[in-house]
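If you want the building blocks of each chain, they are given just below.
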Amino acid sequence: MNNKIKFIVGSAVIIAAVIVLAVQGMQEDSTMSYSKSVSEVQLMGSRARSLSLKVNGSLKKGSIIRNNLDLDFVITEGNSELLIHYIGKDPIPDTFNNEMDAEVVVSGRLAEDGVFNAERIQAKCASKYEADYSSAAI
Amino acid sequence: MADLGNILLLFLFPVSVFTMLIALAAGVTKRRGLFEAARRGAYAAFGLATFAVLALEYLLVTSDFSIEYVASNTNYALPMFYKIVALWAGHNGSLLLWTWIITVFIAIVAYQNRHKNNDLMPYVLFVMASTMVFFSILSVFVSNPFDTLYQDLGNQLQEFTVRDGRGLNPLLQHPAMIIHPPILFIGYVGSVVPFAFAIAALITGKLDAGWIHSTRRWALTAWGFLAAGIVLGGKWAYVELGWGGYWSWDPVENASLLPWLTATAYLHSVMIQERKGMLKIWNMTLVIATYLLSIFGTFLTRSGIVSSVHAFSNSGLGPAFAVFLTISTLLSISLLLYRRKDLKPDEEMQSLISRESGFLFNNLLFLLATIAVLWGTLFPVISEIFTGDQITVGPPWFNNIMIPIGLALLLLTGVGPLLAWRHTSVETLKRSFGWPILGSFTLVLILIGFGIHDGWSLGSFAIAFFVMWTIVIEFVKGARIRSRNTDENIFVAIYLLSRKNTRRYGGYIIHAAMVIMFVGFTGTAFNSETRAEVGEGDFFELGPYTFTANHIHHAETENYSSETLELEMSRNNQVITLLLPEKRYYYASEQPSTEVDIYSTLREDIYTVLSGMSNDGERVIVQVYRNPFVKLIWIGSFIMVFGTLFAMIPNLRILTKKAGTAPLSKGGE
C-alpha cells in the first residue's frame, strides 16, 4: 500500500510538471497565433496589433515585389487586401510566385502602419488540384 | 481497364460486407464451415483489391488521361518509375493502396491462423473486415480512383480525355517520398491486427495472454513501419522542403507520431502483463488507442479539419471518418467496461524502485506525450469551439513539453533495464550506475570546457552518454559470464547471447538507436544559418567556412528546366567541396521546385538552398544552414530498423557447455 502511495505521488509530480509546462507555454505569446482571414484581420481593428497572427488569403497576382533579400506582396479575400512585408529567414516556398494562383498563410504581426510583417510564408497551390480540365480536352 | 477496375471495386464492397457478416455469424454459432467461408471471403477480397491496384497501375503506366486520377498525377514526360509510384501520389490512389494493404493483412492473418486461435479468429476476421468495409466504401463511393473526366452538358454527362496530364507534384519526386506513404500506411494498417485480436479476446472473454503472443510480431511490425515512415517523412521534409529542418509539429506530422507513441508504450507495458499479469486493462486500452489514432491520423490527413502545410484538399471524407471513429471508440470502450472484472491484475506492485515501476513511469510519460501532442494538434479546433478564435500553438509549445518528456524517457531507457523485477536494492543501484553517472558528469564538464552552456543540450548529451554506457554494460556483462562458461571469444559470446534472447537484445539495439537519434535532435540547438545574394565570384562566410559562387548554370531536360549555382565551400583556403543547389521549373505542373544540396558529415550538415534569383538571372539568393549531428538521426533510424528486425527473429536454441542440458531460452524479458 505504501508503495502504491509513493507511485501515485511520483506520478502526480510528473503530471503536474507537464501540465505546468503546457499552461505556461499557452501563456507565452510567441507560441500562440490566431488564425484569421484577411477580412477578419481588418474587422479586428487595433486588437489585431497585439496578437501574433496567422492570416490566410489569396496571393494577388503580380503583386510580389522583390528587392534584394526583401519581399513585399498583397494577399486578398473578397474586397479586402493586406500588404505583407516578409521579414523571415526561411526560403520562400516554390509555389509562391507571380505566375500562379496560390492560397497563402502568413504568420507574423500587424505593424502600426497597417503593414503585416510576416515571419513565415506557407503557400498552398490550390489551382492544380481543382483545375478545370475542360479547356485541355481533345 | 477503368471499367474492369470499377467492376473489381464494386465486387470488393459486397465481398467485404459478406466476409464481415459471415465471420460474425461464425463467431456466434461457432460453426467451422462459416469460418471457412469467411476465410475464403478474405482471400477473395485480397484478390479483388490486388487486381484493382494492378488495373490502376496499368492506367497510370499507359497514361490513360481519360481517367481523372491519372491526368491529375502524371504526364507523358514523367519517368516510368514515377508513373508507377503515382499510385499513392494522390488522394484516391492512396485510399486504394490503403484498402489493398488491409486486404493483404486480412489474407495473411486468415492464412496464418487457419488452424490456430480457433475461438478468436472469427471475431478477428470480423473486426478486420469491418475496417475493410469502411475503406472499401470510401474507395468505391467517395473517392474512386477510376473516375473518368467528364463535363456536365446540362442533360447529360460527357466523358473526355486531356492531351497531357498535370504531372506529378515535383515535391513528391523524391525517393524518400516514394517509400514514405506505403511504409506509413503499413504501419497504420498494421495496428489493425493487434486491435482485432484484442477485441476478439474481449468479445470471447478469452483474456489470457494468448492474443498478445499471437500479435507480438504484428505489433512490432506495425511499430517499426510507423517509426520508419515517420523518419522518412522527416528525411523528405529535410531534403525537399528546403527550410533546413525535418520536423515542424505540423498536424499531419503529429498524426503519424500519435499512434507511434501509444504503440511504443504498449510494446513496453505488455512485458509486465506477460511477466506479472498486471496492466491488463491498460494494455487493451493502448492497443485500442493505437488503432483509433491510426484511423484518426488518416482522418486528420485527409479531412482538412486542421489546416496544414500539407496540401491535401478537403475531400469530403471528414464525416465518414468521424462516424467510423465514433462507432469504433464507443464499441471498444463498452466492451472494455463490460469485461473490466475479468481484467484484474494477478499481482500488486511491490516497490517503487523496480522494473515494474520503471515500465509504469515509461507508460505514464508516453501517455502524457500522446495527450500533449493530441491537445496541441487539436487546439485550433478546441479553441474555436470555446472562444470563437482559431488559435494555433507553435513548435515552441510542443518543444517546451516534449523535450523534457523525451529526455525523461531517454533516461528511463538507461535506468529501466538495469532495475530488477519486484525490488532493486540501493546497493545494486550504486553498483550499476556509479561509473556511468560519473562518466556523464565528466562529459558535462568537458562540454562546458568546450563552451557549451545550454542546459537542455548538456542534459541531453549527459543522458545519452549514460544510457549508451549502460547498454554496452548489458552486452558486455552478459557476454563475459557466457564466455567464462563456454570459452567463446567475447564477440561470439555477444552474438550468441543476443541471439538467445533476440527480443531483449533487439530492444537494447533499438534503445541505442534512440540515443544516437537524440544526439542528432540535440544538434538542432547549435544550428546556424546565413543568407546572401551573390553573383559569379562573390563570396560570404558561415562559421569557419567561406562560400564562393563560381558559376550559375542553366539546363533543360524533357521534364523541367533548371538553374544551378556552383558554390565552392572552403575552410582556411582549402577547398572542401562543390555544392550545387538547384532550382527547377517543371513544365507539366507549371511548378518550380527547389533541389537543395547538402554536404553531410557525421559532425554536421552544410545545407544549401537556391532560394531565389534576380530577374536577369545574373544574381541568386542562396541560403546556407549549418546543422550539427543531423546525420546521426538517419544513422540511428537505420539501427532502429535493424534492432526491430533483430527482435523479430526467433531465438537461437543453444545449449551452454557447462550447464549441460541448459533450459531452452525463453522468449522475452
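Please read all numbers here as calculations on a predicted model, not as lab measurements.

**Student:** How should the nonpolar core be read in this particular structure?
**Tutor:** By size, the foremost hydrophobic cluster in this structure holds 233 residues, and its most contacted members are Phe73, Phe96 and Val106 of chain A together with Trp211 of chain B. The element that contributes the greatest number of residues to this core is helix 9 (residues 210-240) of chain B, accounting for 16 residues. Contacts of tryptophan 211 of chain B, omitting those with residues within four sequence positions, involve Leu120, Pro194, Phe197, Ala198, Ala201, Tyr266, Met284 and Val287 of chain B.

**Student:** Looking at this structure, how should I read the sheet that holds strand 4 (residues 528-534) of chain B?
**Tutor:** Paired through their backbone hydrogen bonds, the strands of a sheet run either parallel or antiparallel. Residues and elements named next belong to chain B. A sheet is described by the order of its strands in space; here 4 strands give the open sequence 4-13-12-11, paired in antiparallel fashion. Lying at the two open borders of the sheet, with one neighbouring strand each, are strand 4 and strand 11 (597-600). This sheet shows a mean twist of 15° between the axes of neighbouring strands, independent of strand direction. In this structure, strand 11 lies alongside strand 12 (residues 604-613), joined through 4 bridges in antiparallel fashion. Bridging from a neighbouring strand, aspartate 597 pairs with threonine 608 of strand 12. This element, helix 9, spans strand 11, strand 12 and strand 13 (620-628) of the sheet and lies at about 50° to strand 12.

**Student:** Teacher, can you tell me more about the interface of chain B and chain A here?
**Tutor:** Quite often, the size of an interface is put as the accessible area lost when its parts meet. Each side of the interface is counted separately: chain B has 62 residues, and chain A has 46 residues. For the pair chain B and chain A, the summed buried area comes to about 4700 Å², and 59% of that belongs to carbon and sulfur atoms. Considering only the surface of chain B that becomes buried against chain A, Arg166, Thr392 and Arg531 of chain B emerge as the three largest contributors, covering 13% of it. Linking chain B with chain A are 2 salt bridges, by the criterion used here. Counting every contact that joins chain B to chain A gives 7 residue pairs in polar contact (both at pLDDT 80 or more). If you list the elements that add at least two residues to the side of chain B that touches chain A, you get helix 3 (68-73), helix 13 (355-387), strand 3 (390-393), helix 14 (395-415), strand 4, strand 10 (591-595), strand 12 and strand 13 of chain B. A total of 8 residues in the side of chain B that touches chain A trace back to one element, the largest contributor, which is helix 13 of chain B. Classifying every residue of the side of chain B that touches chain A by side-chain character gives 29 nonpolar, 23 polar and 10 charged. Examined bridge by bridge, strand 1 (residues 32-37) of chain A and strand 3 of chain B share 4 bridges and lie antiparallel to one another. If you follow serine 35 of chain A over to strand 3 of chain B, its bridge partner there is glutamine 390 of chain B.

**Student:** Where do I start with the packing of helix 2 (residues 32-61) of chain B against helix 5 (residues 91-112) of chain B in this structure?
**Tutor:** When two helices pack together, their arrangement is captured by the angle between the axes and the distance separating the axes. Residue and element names in this part refer to chain B. Interhelical geometry of helix 2 versus helix 5 gives an angle of 150° and a closest axis separation of 8 Å. For the element pair helix 2 / helix 5, the angle class is roughly antiparallel. Pair helix 2 / helix 5 crosses with left-handed handedness. On helix 5, the residues touching Arg39, Ala42, Tyr43, Ala45, Phe46, Ala49, Thr50, Ala52, Val53 and Leu56 of helix 2 are Gly93, Leu96, Trp100, Thr103, Val104, Ile106, Ala107, Ala110 and Tyr111. When the residues that make up the contact of helix 2 with helix 5 are grouped by side-chain class, the tally is 15 nonpolar, 3 polar and 1 charged.

**Student:** Help me understand the confidence of the model for chain B in this model?
**Tutor:** Low pLDDT means the predicted atomic positions in that stretch should not be read closely. Residues and elements named next belong to chain B. Per-residue confidence for chain B averages 88 on the pLDDT scale, and 95% of its residues sit at or above 70. Predicted confidence for residues 309-313 stays below pLDDT 50, and this span has 11 contacts to residues more than four positions away or in other chains. Counting interchain partners and residues more than four positions distant, the pLDDT-below-50 stretch residues 655-669 has 25 contacts. With pTM at 0.91, the complex prediction returns an ipTM value of 0.86.

**Student:** I tried to follow the pattern of salt bridges on my own but got confused; where do I start?
**Tutor:** Opposite charge on two side chains permits pairing when their charged atoms draw close. Tallying each qualifying case throughout the model produces 19 salt bridges over all chains. Linking aspartate 119 of chain B and lysine 206 of chain B is a salt bridge whose minimum nitrogen-to-oxygen distance equals 3.5 Å. One end of the pair, aspartate 119 of chain B, is in the loop between helix 5 and helix 6 (121-142); the other, lysine 206 of chain B, is in the loop between helix 8 (192-204) and helix 9, with 87 residues separating them in the sequence. One salt bridge connects glutamate 474 of chain B with arginine 504 of chain B, and the closest N-O pair in it is separated by 3.0 Å. Taken together, the positions of glutamate 474 of chain B in helix 16 (residues 455-486) and arginine 504 of chain B in helix 18 (residues 502-522) put the pair 30 residues apart, joining distant regions of the chain. On the basis of relative accessible area, arginine 504 of chain B is assigned to the partly exposed category, the value being 22%. Members of the salt-bridge network, linked through shared partners, are Lys36 and Arg47 of chain A together with Asp389 of chain B.

**Student:** Where do I start with the environment of phenylalanine 197 of chain B in this structure?
**Tutor:** All names here are of chain B. Within the secondary structure layout, phenylalanine 197 lies in helix 8. Residues phenylalanine 197 and isoleucine 178 lie 19 residues apart in sequence; the distance between their C-alpha atoms is 31 Å. When sequence neighbours within four positions are dropped, the list of residues in contact with phenylalanine 197 reads Val109, Asn113, Asn117, Leu120, Met121, Val124, Trp211, Ser214 and Thr215.

**Student:** Sorry if this is basic, but what is going on with the environment of leucine 374 of chain B here?
**Tutor:** All names here are of chain B. As for its position among the elements, leucine 374 is in helix 13. C-alpha of leucine 374 to C-alpha of glutamine 173: the two residues are 201 residues apart in sequence and 30 Å apart in space. When residues no more than four places from it in sequence are discounted, the contact partners of leucine 374 are Leu258, Leu293 and Phe296.

Criteria and thresholds
Residues numbered from 1 in each chain as written. Chains lettered and ligands numbered in written order. Predicted model: local features only at pLDDT ≥ 70, side-chain atom pairs only at ≥ 80, totals over all residues. Heavy atoms only, no water. Core = buried A, V, L, I, M, F, W, Y, C linked by side-chain atoms within 4.5 Å. Buried < 20%, exposed > 50% of the residue type's maximum accessible area, 1.4 Å probe, protein only. Helix = DSSP H or I, 4+ residues; strand = E, 2+ residues; numbered from the N terminus. Contact = heavy atoms within 4.5 Å. Pairing = 2+ DSSP bridges. Axes fitted to C-alpha atoms, helices over the stretch in contact; angles between N-to-C directions. Buried area = accessible area lost by both parts, 1.4 Å probe. Salt bridge = Lys/Arg side-chain N within 4 Å of Asp/Glu carboxyl O. Polar contact = N/O pair within 3.5 Å; in protein donor to acceptor, adjacent residues only side chain to side chain. Nonpolar A, V, L, I, M, F, W, Y, C, P; charged D, E, K, R; others polar. Parallel < 35°, antiparallel > 145°, perpendicular 65-115°, else oblique. Left-handed = near helix turned anticlockwise from the far one by under 90°. pLDDT = per-residue confidence, 0-100.

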